[in-house]
Amino acid sequence: MKGFRWFVFFLGRSVSQRWMRMVIAALSVTLAVSVIVGMAGLSLGIREKLGDALKAYGANIIVSSVDGRNMPAEAWSAVRSLPSVASVLPQLYGQIRIQDVPVELIGTDMDTVRSQGWRMKGEWPSSPGQVAVGSSLGEVLGVGAGDPLELMGSTGVETFTVTGFFERGSDADRGLMVGLKDAGRLLAMPDQLSALLVRSRGEIAEAVPEISRSYAGISVKGLRQIAQAETSLLAKIQLLMALVTVVVVGACVISVGSTMGATVLERREEIGLMKAIGGTRRSVSLFYLSEAGTIGLLGGLLGWPLGFISAQAVSRGAFGSYISVPHILGVAGLVLGLVIAVLAGHFPVRDAMKPRAAEILRGE
Amino acid sequence: MYVTFIKISDLEKHYASAMALRGVNLEIAAQEWVSIVGASGSGKSTLLNIVGGLDVPSKGCVRMNGTDLCGLSEDALARFRRQNIGYIFQQSHLVPYLSATENVMLAQYFHSLPDEKEAEEALVRVGLGHRLHHRPSQLSGGEQQRVCIARALINSPKLLLADEPTGNLDRENTRVVLELLKKIHEAEHFTIILVTHDPFVADWASRLVKMEDGRVVSDTRNR
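All of these numbers come straight from a predicted model, not from anything done at the bench. Residue indices follow the written sequence of each chain, beginning from 1 at its first position. All chains are assigned letters beginning with A, and all ligands numbers beginning with 1, in the order in which they are written. Given that this is a predicted model, residues contribute local features only at a pLDDT of at least 70 and side-chain atom pairs are listed and counted only at 80 or more, while totals for whole chains, interfaces and linings are drawn from all residues.

Re the overall build of chain A
In step 1: Each helix and strand in chain A was counted, giving twelve helices and twelve strands.
In step 2: By the burial criterion, 40% of the 364 residues in chain A qualify as buried.
In step 3: Throughout, a residue-residue contact means that the two C-beta atoms, derived from backbone geometry, are no farther apart than 7 Å. Across chain A, every contact between residues at least 6 apart in sequence was considered, and the portion connecting residues at least 24 apart equals 83%. Helix and strand definitions here come from DSSP, where helices need a minimum of 4 consecutive H or I residues and strands a minimum of 2 consecutive E residues; each element is numbered from the N-terminal end. With C-beta atoms placed from the backbone, the exposure class of a residue follows from how many other C-beta atoms lie within 10 Å of its own: 20 or more, buried; 12 or fewer, exposed; in between, partly exposed.

Considering the pairing of strand β8 (residues 156-167) of chain A
Residue and element names in this part refer to chain A.
In step 1: Note that strand β5 (residues 119-122) and β8 share four bridges and pair antiparallel. Looking across to β8, one finds that Met120 is bridged to Phe166.
In step 2: For two strands to be treated as a pair, DSSP must find no fewer than two bridges joining them. Where strand β6 (residues 130-134) and β8 come together, five bridges link them in parallel fashion. Paired with Val131 across the two strands is Val162, which belongs to β8.
In step 3: Where strand β7 (residues 148-153) lies against β8, six bridges are found, and the strand directions are antiparallel. Each bridged residue has a counterpart across the sheet, and for Met152 the counterpart in β8 is Val157.
In step 4: Between β7 and β8, which pair antiparallel one after the other, the connecting turn spans two residues.

Some thoughts on the sheet that holds strand β5 (residues 67-68) of chain B
Adjacent strands of a sheet form backbone hydrogen bonds with each other and so pair up, either parallel or antiparallel.
Residues and elements named next belong to chain B.
In step 1: Pairing within the open sheet is antiparallel, and its four strands lie in the order β2-β1-β4-β5. Taken across any chain shown, the strands that pair with only one partner, and hence form the sheet edges, are β2 (19-29) and β5.
In step 2: Both strand β1 (residues 4-14) and β2 contribute to a ladder of eight bridges, which runs antiparallel. Residue pairing for β2: Ile8 is matched across the bridge by Leu26.

Overview of the nonpolar core
In step 1: Remark: nonpolar core denotes a set of buried Ala, Val, Leu, Ile, Met, Phe, Trp, Tyr and Cys residues whose joining runs through C-beta atoms within 7 Å. Ranked by internal contacts, the top residues of the largest apolar core, which has 113 residues, are Val29 and Val256 of chain A together with Val104 of chain B.
In step 2: The greatest single-element share of this core, amounting to 13 residues, is contributed by helix α2 (residues 19-57) of chain A.
In step 3: Val104 of chain B has contacts with Ala119, Ala122, Leu123, Val147, Ala150, Arg151 and Ile154 of chain B, leaving out every residue within four places of it along the chain.
In step 4: The next biggest cluster of nonpolar side chains, apart from the first, holds 42 residues, and it includes Ile61, Trp76, Val208 and Ile211 of chain A.

Describing the interface of chain B and chain A
In step 1: The partner chain A presents 22 residues to the 24 residues of chain B that form the contact.
In step 2: Listing elements by their share of the side of chain B that touches chain A, those giving two or more residues are α2 (74-84) and α3 (100-111) of chain B.
In step 3: The classification used treats Ala, Val, Leu, Ile, Met, Phe, Trp, Tyr, Cys and Pro as nonpolar, Asp, Glu, Lys and Arg as charged, and all other residues, Gly among them, as polar. Tallied by class, the residues present in the side of chain B that touches chain A amount to 14 nonpolar, three polar and seven charged.

Quick word on unusual backbone geometry
In step 1: Phi at Ser156 of chain B takes a positive value of approximately 50°, unusual for a residue other than glycine.
In step 2: Note on placement: Ser156 of chain B falls in the loop between α5 (141-153) and β7 (159-163).

A short note on the confidence of the model for chain B
In step 1: Across chain B, the average pLDDT comes to 91, with 99% of residues at or above 70.
In step 2: In the predicted complex, the global pTM is 0.67; the interface-specific ipTM is 0.89. The predictor reports its confidence for every residue as pLDDT, a score running from 0 up to 100.

Regarding the environment of Val249 of chain A
Residues and elements named next belong to chain A.
In step 1: Tracing the chain through its elements places Val249 in helix α8 (residues 223-266).
In step 2: In the structure, Val249 is positioned 220 residues away from Val29 in sequence and 8.1 Å away in space, judged by C-alpha atoms.
In step 3: Filtering out sequence-adjacent residues up to four positions away, Val249 remains in contact with Ala32, Ile36 and Ile340.

A look at the sheet that holds strand β6 (residues 85-88) of chain B
Residues and elements named next belong to chain B.
In step 1: The strand order β6-β7-β8-β3-β9-β10 describes an open sheet built from six strands, whose pairing is mixed. Single-partner strands in this sheet number two, and they are β6 and β10 (215-221). For this sheet, the mean inter-axis angle between neighbouring strands, taken without regard to orientation, is 15°.
In step 2: In this sheet, β7 lies alongside β6 in parallel orientation, the contact comprising four bridges. Of the residues in β7, the one forming a bridge with Gly86 is Leu160.
In step 3: The axes are straight lines fitted to the C-alpha atoms, using for helices just the contacting stretch, and the angles between their N-to-C directions are given from 0 to 180°. Each of β3 (33-37), β7, β8 (191-196) and β9 (207-212) touches helix α1 (residues 44-51); the most contacted strand, β8, lies at about 150° to it.

Describing the packing of α3 of chain B against α5 of chain B
How two helices sit against one another is set out by the angle between their axes and by the gap between those axes.
Residues and elements named next belong to chain B.
In step 1: Orientation of α3 relative to α5, taken along the N-to-C sense of each, is 30°, at an axis distance of 8 Å. Of the possible angle classes, the one that applies to α3 and α5 is roughly parallel. For the crossing formed where α3 meets α5, the hand is right-handed. Contact with α3, carried on its side by Ala100, Asn103, Val104 and Ala107, involves Val147, Ala150 and Arg151 of α5 and no other residues of that element.
In step 2: Grouping the constituent residues of the contact of α3 with α5 by class yields five nonpolar, one polar and one charged. Just so you know how the angles are binned, under 35 degrees is roughly parallel, over 145 roughly antiparallel, 65 to 115 roughly perpendicular, and the rest oblique. Crossings are sorted by hand: turned counterclockwise from the far helix by less than a right angle, the near helix makes the crossing left-handed, and turned clockwise it makes it right-handed.

A few points about the environment of Leu208 of chain B
Residues and elements named next belong to chain B.
In step 1: Examined against the element boundaries, Leu208 turns out to sit in strand β9.
In step 2: A count of 17 C-beta atoms within 10 Å places Leu208 in the partly exposed class.
In step 3: As a C-alpha pair, Leu208 and Ser218 span ten residues in sequence and 7.9 Å in three-dimensional space.
In step 4: Ignoring any residue separated from it by four or fewer positions in sequence, one finds Leu208 in contact with Ser35, Val37, Ala202, Thr220 and Asn222.

Points about the packing of α5 of chain B against helix α6 (residues 171-188) of chain B
Residues and elements named next belong to chain B.
In step 1: Across the interface, α5 lies against α6 with an axial gap of 9 Å and an inter-helix angle of 20°. Taken together, the axes of α5 and α6 lie roughly parallel to each other. Considering only the axes of α5 and α6, their crossing is right-handed. Between α5 and α6, the residues in contact are Gly141, Gly142, Gln145, Arg146, Ile149 and Leu153 and Asn173, Val176, Val177, Leu180, Leu181 and Ile184, respectively.
In step 2: When grouped by side-chain class, the residues that make up the contact of α5 with α6 number seven nonpolar, four polar and one charged.

Thoughts on α2 of chain B
In step 1: Taken residue by residue, α2 of chain B has Leu77, Ala78, Arg81 and Arg82 of chain B as its buried positions. Along α2 of chain B, the residues classed as buried sweep out an arc of 135° about the axis, all on the same side.
In step 2: On its buried side, α2 of chain B packs onto α9 (268-276) of chain A together with β6 and α3 of chain B. The arc refers to the directions leading from the helix axis to the C-beta atoms.

Some thoughts on the pairing of β7 of chain B
Residue and element names in this part refer to chain B.
In step 1: Of all the five residues making up β7, five are buried; the element is thus mostly covered by neighbouring parts of the structure.
In step 2: Going residue by residue along β7, you find Leu159, Leu161 and Asp163 tucked away on one face and Leu160 and Ala162 tucked away on the opposite face as well.
In step 3: Both β7 and β8 contribute to a ladder of five bridges, which runs parallel. The partner of Asp163 across the bridge, within β8, is Val195.

See the structure below:
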């Protein structure tokens, strides 16, 4: 047998002798790698979602009522005529019921919506009594384009016709969109608006004061402010995720370190023998660190897909859609598993190499 | 002609609570078979470990075939040992999950390259041709020691150190092991230093060194 083949053979024999313990240690690496890959994937994905949301709106200014209530629909007319405004999307938010289950409803101007370029399977409503369904809600309801859908609003149950399914990659995908008049009637909020999503023609800083002056009682915020607030929140969430990751990795290092510590303790005699028959500290250490590496690779191999799946599950649950996790995270997960395990194994192996062969074989 | 192979000069070894060697001086010729005898605690195993580079002296020096062992680092001692010294322990220290052949190949691995055929031939030579693929738990005490002999000699060392190699064996197996050692020693002419407390075992050597309380108290030719 060539030297390397014998090394691999010996390693395989050694690992197979204590496979149960190795698997348990590998599971802790799996957990750590899945948490790291999952958190990293989510962290990148959240940024992407935020970017998509801003892009999807096309808006960079949001207008709402100062007192937090709805504002009159005439605010829309006032704002859209301003020279600093490129486009305005009016929105009325509320809740109706479908089969006694509450569902979010957005009333909006369909002509303006059509120009936003949002993903739509089917058609946007073009007349009263028509509804566009969010893609996530559509899957749950199991309806198709052209199907009737009963909506229970303030006026009782009304039957709408489904025209299509939209996907915005946000919570809105779990709701419905109808025309403003239909929304006002269903929500008992006629001629009212919850918000205006505005796209400025030039700089936000120039548009905001002009819009503020155009109608009394409105609050005007550049979406950058909102984005900054969200970014700040995002940073806090990411910090929390990083802290959780550090704790999990720390626990993993302790677990693998304990396993390796127990392993080298059990095999002191073997270590002493190898040193006695001519093994240098480096060559003997390599055997045991390779066992740690095997634990790490196994854990990384299992941990990466688990992390990927959990990131998608969380994203689906939180945002109603999937995120794209870069494949490089898979390779990173594998490497990380290896590094964590070898690092954890390094200290007990190093300590085991310290005594001379005679001390070990004497049983000291 | 007497050629000094090993020269031990003023060797001392202190531990925290005791002094194991108190100034040992000894010269051993090439191809000699020396038995070191003494009661438990006389320092004989400590002397063997220092000669074999498994331990270091507190003072003094061991020179082997022109190489000063006391100046070598632990890893340099390991490299010297794998090229020049074979070791037989009282506890066989066989790796339990390797077969007899694989245990011998382990010694080859650290020396050069493992060779399964060579390892099997070494085991056949010690009378274990029918036990090549048995694990240590499947071997008797005497058979385990024979595997140790094969392992110790696989790399053709110039020096064989044996620390109570028959300490755990009955008289019959003791005789078998010693006869084997004698036969191989006569064929291959390496130097043997064998530590024992058993006069029967000591008698197989051509020279008897008696130790007491960390000192050499007598040094006689056996025949």
